[in-house]
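In case you want the letters, here they are:
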Amino acid sequence: NEKIHNVKRIEQLLRSLDCEIPCNIEKEEVRVAASDIYYIESVDKHSFVYCEDKVYQTGLRLYQLEEELPAAGFVRISKSCIVNIKVMQSIKPMHNSRLEATLINGEKLTVTRKYIHEIRTRLEER
């Protein structure tokens, strides 16, 4: 049973290493590597992929991306956002039982109460 679990984790990790997300930028179709993505946010039923210096739009829904990307280091931090924990620089508590995550580019994202346990667990695994 443990061997099967390990094989599945390795398989998932290998799949995530070459995972690319189909995106659009200025009517041009591109594929963005998961490792280049800082976070993905859903706004008005559209998913936006945020990288270091560009923002792309993808036709995939946030739940689809969340299922595809956990082995690549992505975790949900709010109803509308998943983040790449590999680009998190720091995380600190806020006054309202939430956390503030600062990314390596200085951008700040809010981790809502519902997802605090999940992100802490994922950060401990890192």
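The following refers to the structure shown.

1. Remarks on the pattern of salt bridges
No. 1: Under the criterion given, the structure shown has three salt bridges.
No. 2: With a shortest N-O distance of 3.4 Å, Arg31 and Glu20 are connected by a salt bridge. Here Arg31 is found in strand 2 (residues 28-33), whereas its partner Glu20 is found in strand 1 (residues 20-25), with 11 residues between them in sequence.
No. 3: Residue Arg31 is classed as exposed on the basis of its relative accessible area of 53%.
No. 4: Judged by relative accessible area, which is 38%, Glu20 ranks as partly exposed.

2. Topic: the sheet that holds strand 8 (residues 88-93)
No. 1: In space, the three strands of this open sheet follow the order 8-9-10, with antiparallel pairing throughout. Looking at which strands have only one partner, the edges of the open sheet turn out to be strand 8 and strand 10 (108-111). On average, adjacent strands in this sheet sit at an angle of 25 degrees to one another, irrespective of strand direction.
No. 2: Relative to strand 9 (residues 99-103), strand 8 runs antiparallel, the two sharing five bridges. Within the sheet, the bridge partner assigned to Pro93 lies in strand 9 and is Leu99.

3. Observations concerning the pairing of strand 10
For a regular strand, the rule is simple: side chains alternate between the two faces of the sheet.
No. 1: Of the two faces of strand 10, only one is covered, namely that formed by Leu109 and Val111; the face formed by Lys108 and Thr110 stays uncovered.
No. 2: In this sheet, strand 10 lies alongside strand 9 in antiparallel orientation, the contact comprising four bridges. Residue Glu100 lies in a different strand from strand 10, and its bridge partner there is Thr110.

4. Side note on the packing of aromatic side chains
No. 1: Following the criterion strictly, the structure yields one aromatic pair and no others.
No. 2: With centroids separated by 4.4 Å and ring planes inclined at 10 degrees, the aromatic side chains of Tyr39 and Tyr50 adopt a geometry described as stacked. With Tyr39 in strand 3 (residues 37-43) and Tyr50 in strand 4 (residues 46-51), the pair connects residues that are 11 residues apart, well separated along the chain.

5. Topic: the nonpolar core
Side chains of nonpolar character tend, in soluble globular proteins, to be buried together.
No. 1: Within the largest apolar cluster, 17 residues are counted, with the highest numbers of intra-cluster contacts made by Tyr39, Ile77, Val83 and Leu103.
No. 2: When residues of this core are traced back to their parent elements, those giving at least two are strand 3, strand 6 (74-78), strand 7 (81-84), strand 9, strand 10 and helix 3 (116-125).
No. 3: Per-element accounting of this core gives the leading share, three residues, to strand 9.
No. 4: When neighbours within four sequence positions are excluded, Ile77 is seen to be in contact with Ile82, Val83, Leu109, Thr110, Val111, Thr112, Tyr115 and Ile119.

6. Focus: the side chain of Thr102
No. 1: Here Thr102 is to be found in strand 9.
No. 2: With a relative accessible area of 10%, Thr102 lands in the buried category.
No. 3: Separated by 3.4 Å, the side chains of Thr102 and Lys108 make a polar contact.
No. 4: Ignoring sequence-local partners within four residues, the contact set of Thr102 consists of Val87, Met88, Gln89, Ser90, Glu107 and Lys108.

7. Focus on the state of the cysteines
No. 1: Following the criterion strictly, the structure yields zero disulfides and no others.
No. 2: No disulfide involves Cys23; its sulfur sits 7.2 Å from the nearest other cysteine sulfur, which is in Cys51.
No. 3: On the accessibility criterion, Cys23 (2% relative accessible area) is buried.
No. 4: You can see Cys81 has no disulfide; the closest cysteine sulfur is in Cys51, sitting 13 Å from it.

Conventions we followed
- Every chain is numbered independently, its residues counted from 1 as its sequence is written.
- Local features in this predicted model are restricted to residues whose pLDDT is 70 or higher, and side-chain atom pairs enter the listing and the counts only when it is 80 or higher, whereas totals over whole chains, interfaces and linings include all residues.
- Each side-chain value is worked out from all heavy atoms of the structure, with water and hydrogens disregarded.
- The working definition used for a salt bridge is a side-chain nitrogen of Lys or Arg within 4 Å of a carboxyl oxygen of Asp or Glu.
- Secondary structure counts use DSSP, requiring at least four H or I residues in a row for a helix and at least two E residues in a row for a strand, with both numbered from the N terminus.
- Partly exposed residues are those whose accessible area sits between 20% and 50% of the maximum for their type, while under 20% is buried and over 50% is exposed, using a 1.4 Å probe and protein chains only.
- We treat two strands as partners when DSSP finds at least two bridges between them.
- To obtain each axis, a line is fitted to C-alpha atoms, and for helices this fit is confined to the stretch in contact; angles are then taken between N-to-C directions over 0 to 180 degrees.
- Stacked, edge-to-face and tilted labels apply to pairs of Phe, Tyr and Trp rings (six-membered ring for Trp) whose centres lie within 6.5 Å, assigned for plane angles under 30 degrees, over 60, and everything in between, in that order.
- Buried residues of nine kinds, namely Ala, Val, Leu, Ile, Met, Phe, Trp, Tyr and Cys, make up a nonpolar core once their side-chain atoms join them within 4.5 Å.
- It only takes one pair of heavy atoms within 4.5 Å for two residues to be counted as in contact.
- Any pair of N or O atoms that falls within 3.5 Å is considered a polar contact. Within protein, one atom must be able to donate a hydrogen and the other to accept it, and sequence-neighbouring residues count only if both atoms are side-chain atoms.
- Any pair of cysteine sulfurs within 2.5 Å is marked as a disulfide.

Purely spatial values, then, with no claim about function.
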